[in-house]
Amino acid sequence: VLAKIAGRLGDEKVQIYHLKKVLKGQGGKENSLDMAVVLYKLGFCYAVSEPAKASKYYQKALAILERHYGPEHVVVATTLGNLGSEYGALGDYQ
């Protein structure tokens, strides 16, 4: 299921390349929901191979999502859960 959400296995590098291009083209839209989606997807792409990078992107997405939806929204909770998983992968249990 996760592979289906993120795209076919092995395509993470291609997805990261394209997502970073989109990220660069978002100038002036740093707090938009579109930016949050791109940041979230980058975090998802890095989740297995580079948890430190994944957590960085999840944190940035989380800040935007919390401002837009508030702290109680399900999208915020999902992002927090993913961020917690990355912290666990890094051995940061606080």
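So, here's what we can say about the structure.

Criteria and thresholds
- Once a new chain begins, its residue numbering starts again from 1 and follows that chain's sequence as written.
- Local features in this predicted model are restricted to residues of pLDDT 70 or higher, and side-chain atom pairs are both shown and tallied only at a pLDDT of 80 or more, whereas totals for entire chains, interfaces and linings draw on every residue.
- Think of the side-chain values as coming from all heavy atoms in the structure, minus any hydrogens and water.
- Classification of ring pairs uses Phe, Tyr and Trp, with its six-membered ring standing for Trp, and accepts pairs whose centres are within 6.5 Å; under 30 degrees between planes counts as stacked, over 60 as edge-to-face, and the remaining range as tilted.
- A run of H or I in DSSP becomes a helix once it reaches four residues, and a run of E becomes a strand once it reaches two; helices and strands are each numbered from the N terminus.
- Exposure categories follow from relative accessible area, calculated using a 1.4 Å probe and restricted to protein chains: below 20% of the type maximum is buried, above 50% is exposed, and the middle band is partly exposed.
- A ring is considered to have a charge above it if a Lys NZ or an Arg CZ atom is located within 6 Å of its centre and within 35 degrees of its normal.
- Two residues qualify as a contact provided that any one of their heavy atoms is within 4.5 Å of a heavy atom in the partner residue.
- Polar contacts, as counted here, are pairs of nitrogen or oxygen atoms within 3.5 Å of one another; within protein the pair requires one atom able to donate a hydrogen and one able to accept it, and residues that are adjacent in sequence qualify only if both atoms are side-chain atoms.

**Overview of the packing of aromatic side chains**
1) Next: Applying the stated criterion across every chain, the model contains 2 aromatic pairs.
2) Next: Each ring, one from Y46 and one from Y57, has its centre 5.8 Å from the other, and the planes form 5 degrees; the classification is stacked. One end of the pair, Y46, is in helix 3 (residues 33-46); the other, Y57, is in helix 4 (residues 51-69), with 11 residues separating them in the sequence. No difference in accessibility class separates Y46 from Y57, as the two residues are buried.
3) Next: The cationic tip of K56 hangs over the ring face of Y57; the distance from NZ or CZ to the ring centre is 4.8 Å.

**Thoughts on the side chain of T79**
1) Next: Among the structural elements, T79 can be located in helix 5 (residues 74-89).
2) Next: Given a relative accessible area of 1%, T79 falls into the buried group.
3) Next: For T79, the contacting residues outside a window of four places in its chain are Y40, Y58, L62 and L65.

**What to know about the side chain of S55**
1) Next: On the secondary structure map, S55 appears in helix 4.
2) Next: Polar contacts involving the side chain of S55 include one to the main-chain carbonyl oxygen of A52, which spans 2.9 Å.
3) Next: For S55, the contacting residues outside a window of four places in its chain are L83, E86, Y87 and L90.

Read these as geometric descriptors, not functional statements.
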